[in-house]
Amino acid sequence: MGNLAVGWICFAVLCMVAVTSEAKSLKRSIPAPDIPNQCNSIERCCMPTPYTGVPGIRQFEFEAEQPWRVRRPAHRLSKFELDRLERAYALLRALPDSDPRSLWNQKNLHCLYCDNALYYPGQKYPLEIHNGWYFLPWHRMFMYWHERIIAKVLNDSTFALPFWAWDNQQDVTDPPGNVIPPQYTNPNSSLYDPIRNNCSQANPYIDLDTRGGVCSNKTASYMRTQNNRLIYSQIVVGAPTTSLFYGMPYYFGDWGGAGPGTFEDQPHGTVHAWVGDPYAKPPLKTLDDMGNFGRAAFDPIFYAHHANVDRVWYLWNHIPSGARSFPQNPIFNNTQFTLYDENANLVKMNVSQVLDSNLLRYRYEYLPTPWVTNGVEPGKENSIPLCNPLSKRSVTSLIATTGKFSSKLVLTDTAALTFKVRRPKKSSRGTEVLQLSGLRIPNNTAQAHWKAYLFYPGVAVTANAACPEYAGTLNFLPHVGQATTNPKRAWRVAIGPKLEQIGKSYVKDIVITMVQTTKPPGQNLTFTKAQIYYDLSPHVTYDA
Ligand code: C2O
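A quick note: this is a predicted structure, and the numbers were derived from the prediction, not measured. (Residues numbered from 1 in each chain as written. Predicted model: local features only at pLDDT ≥ 70, side-chain atom pairs only at ≥ 80, totals over all residues. Heavy atoms only, no water.)

**Here's the deal with the overall build of the protein**
The condition that has to hold: Helix and strand definitions follow DSSP, with helices as H or I runs of at least four residues and strands as E runs of at least two, each counted in order from the N terminus. Exposure is judged per residue with a 1.4 Å probe applied to protein chains only, and the accessible area is read against the type maximum: over 50% gives exposed, under 20% gives buried, and values in between give partly exposed. Any two residues whose heavy atoms approach within 4.5 Å are treated as being in contact. The accessible surface values rely on the Shrake-Rupley method and a 1.4 Å probe; as for residues, cover is taken only from the protein chains in view. For the charge count, each Lys or Arg is scored as positive and each Asp or Glu as negative, with His and the chain ends excluded. To locate a charge, the coordinates of NZ of Lys, CZ of Arg, CG of Asp or CD of Glu are taken.
For the protein, the helix and strand inventory stands at 13 helices and twelve strands. For the C-alpha atoms alone, the extent of the protein along its principal axes is close to 75 × 70 × 45 Å. Scored against the burial criterion, the 544 residues of the protein give a buried share of 59%. Pairs at least 24 residues apart make up 78% of the contacts formed inside the protein by residues separated by at least 6 positions. When the accessible surface of the protein is totalled, it reaches about 21,600 Å², and 56% of it is carbon and sulfur. Within the protein, one finds 53 positive and 42 negative side-chain charges whose respective centroids are separated by 8 Å.

**Topic: the pattern of salt bridges**
A side chain of one charge can pair with a side chain of the opposite charge when the charged atoms of the two come close. Cut-off, in case you're wondering: Each reported salt bridge corresponds to a side-chain nitrogen of Lys or Arg within 4 Å of a carboxyl oxygen of Asp or Glu.
Under the counting rule described, the total for this entry stands at 19 salt bridges. The shortest N-O distance in the salt bridge between Asp-83 and Lys-79 comes to 2.8 Å. Linking Asp-83 with Lys-79, this pair stays in helix H3 (residues 79-94), spanning four residues, or about one helical turn. Among the residues examined, Asp-83 registers a relative accessible area of 33% and is labelled partly exposed. What makes Lys-79 exposed here is its relative accessible area of 63%. Across the pair Arg-422 and Asp-509 runs a salt bridge whose closest N-O atoms are separated by 3.0 Å. Of the two residues, Arg-422 sits in strand S6 (residues 417-422) while Asp-509 sits in strand S11 (residues 509-516), which places them 87 residues apart along the sequence.

**A closer look at the sheet that holds strand S9 (residues 470-476)**
The line we're drawing: Only when DSSP finds a minimum of two bridges between them are two strands counted as paired. Think of each axis as a best-fit line through the C-alpha atoms, taken over the contacting stretch in the case of a helix, with angles from 0 to 180 degrees between the N-to-C directions.
In spatial order, the strands read S6-S11-S8-S9; together these four strands make up an open sheet with antiparallel pairing. Strand pairing shows two members of the sheet lacking a second neighbour, S6 and S9, which therefore form its edges. Taking the axes of each pair of neighbouring strands and ignoring which way they run, one obtains an average angle of 25° across the sheet. With six bridges connecting them, S6 and S11 associate as antiparallel partners. The residue bridging Lys-420 from the neighbouring strand is Val-511, located in S11. This element, helix H9 (residues 262-275), spans strand S8 (448-454) and S9 of the sheet and lies at about 55° to S9.

**Observations concerning helix H5 (residues 135-154)**
Basically, it comes down to this: Multiply 1.5 Å by the residue count of a helix minus one, and that product is the helix's expected span.
For H5, spanning 20 residues, the distance from its first C-alpha to its last is 28 Å, which sits close to the expected 28 Å at 1.5 Å a residue. Of the residues trailing H5, Asn-155 is marked for its positive phi of about 55°.

**Side note on the packing of helix H4 (residues 103-112) against H5**
Which entries qualify depends on this criterion: With respect to orientation, any angle under 35 degrees is reported as roughly parallel, any angle over 145 as roughly antiparallel, any angle of 65 to 115 as roughly perpendicular, and every other angle as oblique. For any pair of crossing helices, the crossing counts as left-handed if the nearer helix is rotated counterclockwise from the farther one by less than a right angle, and right-handed if it is rotated clockwise. Residue type decides the class: Asp, Glu, Lys and Arg count as charged, Ala, Val, Leu, Ile, Met, Phe, Trp, Tyr, Cys and Pro as nonpolar, and the leftover types, Gly among them, as polar.
Orientation of H4 relative to H5, taken along the N-to-C sense of each, is 165°, at an axis distance of 12 Å. As the angle between them shows, H4 and H5 are arranged roughly antiparallel. Two packed elements cross with a definite hand, and for H4 against H5 that hand is right-handed. On the side of H4, the interface is formed by Gln-106, Leu-109 and His-110, while H5 contributes Trp-138, His-139, Phe-142, His-146 and Ile-149. Here the residues of the contact of H4 with H5 sort into four nonpolar, four polar and no charged.

**Description of empty space enclosed by the protein**
The test is simple: Cavity and pocket criteria rest on a 1 Å grid covering protein atoms alone: a 1.4 Å probe that fits but cannot get out defines a cavity, protein on both sides within 12 Å along at least 5 of 7 lines defines an open pocket, and an atom within 4 Å of a point defines a lining residue. Grid points are joined across faces, edges and corners, and a volume is the space filled by probe spheres set on the points.
Summed over all chains, the structure comprises six cavities of 30 Å³ or more. Looking at the lining of the largest cavity, the elements with two or more residues in it are H9, S9 and strand S10 (490-494). With three residues, the single largest contributor to the lining of the largest cavity is S10. Across the lining of the largest cavity, the residue classes break down as four nonpolar, five polar and two charged.

**What to know about the nonpolar core**
For soluble globular proteins, nonpolar side chains are generally found buried alongside one another. The cut-off we apply is this: As used in this record, nonpolar core signifies buried Ala, Val, Leu, Ile, Met, Phe, Trp, Tyr and Cys residues forming a set joined through side-chain atoms within 4.5 Å.
One finds Tyr-89, Tyr-113, Trp-164 and Phe-337 to be the most contacted residues of the largest nonpolar core, which totals 109 residues. Setting aside residues up to four positions removed in sequence, Tyr-113 forms contacts with Pro-33, Ile-35, Leu-118, Leu-127, Glu-128, Ile-129, Trp-138, Phe-337 and Thr-338. Ala-448, Val-511, Met-514 and Leu-525 belong to the second largest nonpolar core, which has 34 residues in total.

**Some points on the state of the cysteines**
Which entries qualify depends on this criterion: Disulfide: a pair of cysteine sulfur atoms within 2.5 Å of each other.
Following the criterion strictly, the structure yields three disulfides and no others. Two residues, Cys-45 and Cys-111, share a disulfide whose sulfurs are 2.1 Å apart. Residues Cys-45 and Cys-111 are joined by a disulfide whose S-S torsion is about -60°; by sign, that bridge is left-handed. In this pair, Cys-45 is assigned in the loop between helix H2 (12-25) and strand S1 (58-59) and Cys-111 in helix H4, connecting sequence segments 66 residues apart. Residue Cys-111 is classed as buried on the basis of its relative accessible area, which comes to 1%. No disulfide involves Cys-114; its sulfur sits 5.8 Å from that of Cys-111, the nearest cysteine. With relative accessibility at 0%, the residue Cys-114 sits in the buried group.

**Concerning the sheet that holds S10**
The sheet built from three strands is open, its strands ordered S10-S7-S12 with antiparallel pairing. Each edge of the open sheet is held by one strand with a lone partner, namely S10 and strand S12 (529-535). Between one strand axis and the next, the sheet turns by 25° as a mean value, whatever way the strands run. As paired strands, strand S7 (residues 431-437) and S12 are joined by seven bridges and run antiparallel to one another. Each bridged residue has a counterpart across the sheet, and for Thr-431 the counterpart in S12 is Asp-535.

**Things to note about the confidence of the model for the protein**
Worth spelling out the cut-off: The quantity known as pLDDT measures the predictor's confidence residue by residue, on a range of 0 to 100.
Per-residue confidence for the protein gives a mean pLDDT of 89; residues scoring 70 or more make up 92%. Below pLDDT 50 for its whole length, residues 1-24 participates in three contacts with residues either more than four positions away or in separate chains.

Written out as structure tokens, the structure is:
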């Protein structure tokens with residue numbers, strides 16, 4: 001009423017301001033969904049109804065009486081811990097379909113939060129916790145309750161989730177962290193899932209640069225180098241800001257999937273794609289189980305993977321360089337999600353309640369993380385020779401002969417695509433970011449994957465991520481439940497620090513080469529806009 005009254009007496013220009021701020025204030029946090037009642041899933045991943053727990057949804061409060069849990073690396077579990085873990089998944093598998101805590105329903109809970117299933121009354125778009133800034137906090141909540149559920153079914157309050165240390169490339173044989181932990185590949189174990197690709201069983205080293213379940217013949221030492229440098233590119237030099245690491249903002253009612261943080265695409269997404277089966281037959285889908293959101297959490301390795309995702313999030317916050325904080329935005333903080341507790345009762349948590357893992361009373365056992373310094377001695381991060389060394393003169397002529405970005409450009413699966421983008425005037429604040437927006441993925445039930453390079457137009461389609469010129473990856477996992485992908489989807493990476501790393505801070509334009517690296521056949525990918533801007537997060541409330 002008050003707003004309307006102001007509207008009647010104001011001048012036209014002021015009215016517009018009033019209308020605009022009204023529209024802005026419509027941005028709100030996501031209210032805790034009414035699980036299981038708000039579910040409408042074409043993938044049949046709604047949670048069991050009628051629901052018979054304690055009525056209502058309890059608000060989570062910190063529980064100081066919970067024991068401290070130490071999450072340990074999956075490749076270093078003791079015999080006792082391993083037996084206990086196998087017992088846990090045998091028990092979760094044996095729970096009836098009416099129990100929200102069963103492995104089947106834990107998979108459903110993950111599926112319904114991301115695959116076109118949760119509709120709020122009056123809203124057009126379903127809730128989507130992937131490809132945006134709720135990815136990290138939602139999965140932390142999911143792991144938190146999954147861990148407490150296991151502790152409960154085991155009747156062992158000291159139980160802690162193991163983490164699969166795929167980021168750890170240490171050259172040890174007992175076994176190393178960057179193989180799928182062997183206990184998960186034993187067909188007689190409750191940790192085993194038959195719906196995986198063959199290389200995740202036989203070829204020990206995880207290829208964080210995978211093309212989606214295609215086995216690679218890279219050697220162990222090559223893989224170690226590549227994986228370290230890839231993580232460095234993706235989340236250290238490529239994501240020194242809150243916005244880049246967490247992903248695009250997502251408000252209540254939005255069309256979800258506006259753009260993931262760099263970490264969500266890779267290595268988080270490539271680990272999924274590497275474990276999934278590219279030859280899965282109907283009724284299964286390509287890249288099931290792990291490579292599809294609908295079924296991923298039916299593979300017990302999902303939980304060890306996401307414990308590590310959660311650990312890397314913690315580690316990222318402690319990398320000294322950059323602006324690595326939490327999104328400073330009340331809409332983000334006040335969003336609530338509903339989960340099932342260890343007694344199968346509904347509990348809602350605020351995003352703000354899961355930002356500090358200490359308050360949730362768990363921590364991670366220490367393992368070295370050489371990727372923080374590009375896999376080399378600290379201080380030598382940028383010492384790796386370029387794959388495509390160019391004289392200053394060749395850089396100038398490369399820029400002069402390269403065409404500008406145009407929305408007509410198509411990234412096919414057969415040829416690299418090269419274009420240039422002008423840098424803005426230098427700013428003393430913030431981080432320079434390259435953004436491609438309006439990304440169109442014609443078939444969202446298939447994977448889409450590209451890699452981007454700077455000043456490397458001759459890069460092969462099969463190129464790897466070990467070159468310093470490698471700037472980042474898009475890794476879109478099949479999203480079967482969703483009708484289509486958000487047409488405003490953006491892909492971003494920090495460009496200023498990368499240019500410094502490759503000794504090209506002086507250029508006025510950057511030359512980008514993109515190669516599509518999905519398992520063939522790929523898709524024809526397009527985007528409407530390419531721009532470079534300064535990201536000031538978390539010091540401002542940033543917007544899509
Ligand atoms: Cu919800 Cu790793 O995905």
